[in-house]
Amino acid sequence: MIIDPWLLKLAEPIRLVGLGRKEIAQHLTDLGEELRIEPKKVRMRTKQIFHWIYNYGVTDWDQMTNIAKPMREKLAQYFSLERPEIVERLVSEDGTRKYLIRMSPGVEVETVFIPDVSKTGALCVSSQVGCTLTCKFCHTGTQRLVRNLTPAEIVLQVIIARDDLGEWPTTQENRKLTNIVFMGMGEPLYNTQAVGDSLDTICDPEGLGIGRRRITVSTSGVVPEIGPMGERTSAMLAISLHAANDELREQIMPINRKYPLKDLMQACRDYPGLSNSKRITFEYVMLKGINDQPWHAKQLIKLLKGIPAKVNLIPFNPWPGTDYECSDWETIEAFADQVNRAGYASPIRTPRGRDIFAACGQLKSESEKKRASDIRKDVRASEELS
């Protein structure tokens, strides 16, 4: 049997699922001679492949019926349509779905689909494995950072959810997954390039086709990146606020020492496209006896003055080892009424997926986590043994 020399160079087929148009085109160009694709036809082939992957969600090259069989066979030699492994899939009593996805050895991430959000459903995606922010009330913050996710790994979270929900093609009516929220593991604005690049694929009208106004990027307050992220993505902005004075916010969110409220709120006022139709969402977790009193609500109202905003009040979701408790329901309702009377919508977010640890602040991969440097050491050790 004659073995194609390029196959000897490729340890395994290149996974195209998750890649953007430019990356797919580059791979086709690099392998143009072997694939027998003329340079002038790379754009056409890229468009075909991109459309089949992201509009139809195909998993087999033979499903690409507008590509000739000999070309499909060539493509199958060098490229893969495989998805990463779903290590665990849990479904809550309320219909919330949580996926633990293994992107590569030692790199696992959680993604949550929440039904009946914005009349359809939202996918909560992660931007990092672990987190560096150590917010005191957040379970994810107790997991050290492994690494940033790549653009492809962010897109793959959407692909896996669409697979599981059976929502191909993208253009079908009555889709459940219509909104994306970057509120999973990690701080999106510590991985801005990958988040921006992933949205180019997620929002492409010939692919996954999710509108940019249906994308929300949440940050704990990485001030220098807020404006550039808005310019780059045109996404909706959410701020994990949780306290309206610097002293308290520094206690529960150490990032406030670097970026105090004065700077954060100015960045919010300067956010590109800010208007009554494009309000900023301020997330506020209700912690019993910590930030839930009437004077806290008064501070919050004063802080938001002049900013088109709404406030999401989030009942604290407990996790093993936490010292915090959720505010009493009467206290939360009184807080919401006070903020509402000041002219700011302040819905109380219904906890979803608590029974499978999929609720806000509960995400944390249960498997053993390693830093990227540890993984490289293990790989080198394995190579030496072999």
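Report on the accompanying structure. (Residues numbered from 1 in each chain as written. Predicted model: local features only at pLDDT ≥ 70, side-chain atom pairs only at ≥ 80, totals over all residues. Heavy atoms only, no water.)

## A few points about helix H12 (residues 329-341)
Part 1 of the reasoning: Taking 1.5 Å as the rise per residue, H12 with 13 residues should run 18 Å; its terminal C-alpha atoms sit 18 Å apart, in good agreement.
Part 2 of the reasoning: When H12 is considered as a whole, its buried residues turn out to be Ile332, Phe335, Ala336 and Val339. Buried residues of H12, seen end-on, are gathered within an arc of 100 degrees and therefore sit on one face of the element. Across H12 from its buried face, at more than 90 degrees, point the exposed residues Glu330 and Arg341. (Helix = DSSP H or I, 4+ residues; strand = E, 2+ residues; numbered from the N terminus. Expected span 1.5 Å × (residues − 1). Buried < 20%, exposed > 50% of the residue type's maximum accessible area, 1.4 Å probe, protein only. Arc of directions from axis to C-beta.)

## Some details on the sheet that holds strand E12 (residues 280-286)
Part 1 of the reasoning: Strand order in the open sheet formed by 9 strands is E3-E4-E5-E6-E9-E10-E11-E12-E13, and the pairing between neighbours is mixed. Each of the sheet's edge strands pairs with one partner strand only, and the pair in question is strand E3 (85-91) and strand E13 (309-315). Between one strand and the next, the sheet's axes are offset by a mean angle of 20 degrees, whatever the strand orientation.
Part 2 of the reasoning: Examined bridge by bridge, strand E4 (residues 97-104) and strand E5 (residues 107-115) share 7 bridges and lie antiparallel to one another. Each bridged residue has a counterpart across the sheet, and for Ile101 the counterpart in E5 is Val109.
Part 3 of the reasoning: Its contacts with the sheet place helix H7 (residues 192-202) against strand E9 (179-182) and strand E10 (215-219), and it is angled at close to 175 degrees to E9. (Pairing = 2+ DSSP bridges. Axes fitted to C-alpha atoms, helices over the stretch in contact; angles between N-to-C directions. Contact = heavy atoms within 4.5 Å.)

## Some points on the environment of Glu231
Part 1 of the reasoning: Relative to the assigned elements, Glu231 resides in helix H8 (residues 223-233).
Part 2 of the reasoning: Glu231 gets classed as exposed once you look at its relative accessible area, which sits at 60%.
Part 3 of the reasoning: Counting along the chain gives 42 residues from Glu231 to Gly273, while the straight-line C-alpha distance between them is 8.8 Å.

## Looking at the pattern of salt bridges
Part 1 of the reasoning: Scanning all chains against the criterion turns up 16 salt bridges.
Part 2 of the reasoning: In this structure, the salt-bridge partner of Glu153 is Arg147, at a minimum N-O distance of 2.8 Å.
Part 3 of the reasoning: A salt bridge links Asp197 to Arg232; the nearest nitrogen and oxygen atoms lie 2.7 Å apart. Of this pair, Asp197 sits in helix H7 while Arg232 sits in helix H8; the two residues are 35 residues apart in sequence, bridging distant segments of the chain.
Part 4 of the reasoning: On the basis of relative accessible area, Asp197 is assigned to the partly exposed category, the value being 25%.
Part 5 of the reasoning: Within this structure, Asp197, Asp200, Arg212 and Arg232 form a network of salt bridges that share partners. (Salt bridge = Lys/Arg side-chain N within 4 Å of Asp/Glu carboxyl O.)

## Notes on unusual backbone geometry
Part 1 of the reasoning: Following Trp168, the chain continues into Pro169 via a peptide bond in cis, with omega recorded as 0 degrees.
Part 2 of the reasoning: Its place among the elements puts Pro169 in the loop between helix H6 (151-165) and E9.
Part 3 of the reasoning: Look at Arg36: it is not a glycine, yet its phi comes out positive at around 60 degrees.
Part 4 of the reasoning: Tracing the chain through its elements places Arg36 in the loop between helix H3 (32-35) and helix H4 (42-54).
Part 5 of the reasoning: Residue classification places Arg36 among the exposed positions, given a relative accessible area of 65%.

## What about the pairing of E13?
Part 1 of the reasoning: Counted residue by residue, E13 has 6 buried out of 7 residues, so it is predominantly covered.
Part 2 of the reasoning: Here E12 pairs with E13 via 7 bridges, running parallel. Considered in E13, the bridge of Thr281 is made with Lys310.
Part 3 of the reasoning: Read as a crossover between parallel neighbours, the route from E12 over helix H11 (residues 294-303) to E13 is right-handed. (Right-handed = clockwise from strand over helix to strand, strands pointing away.)

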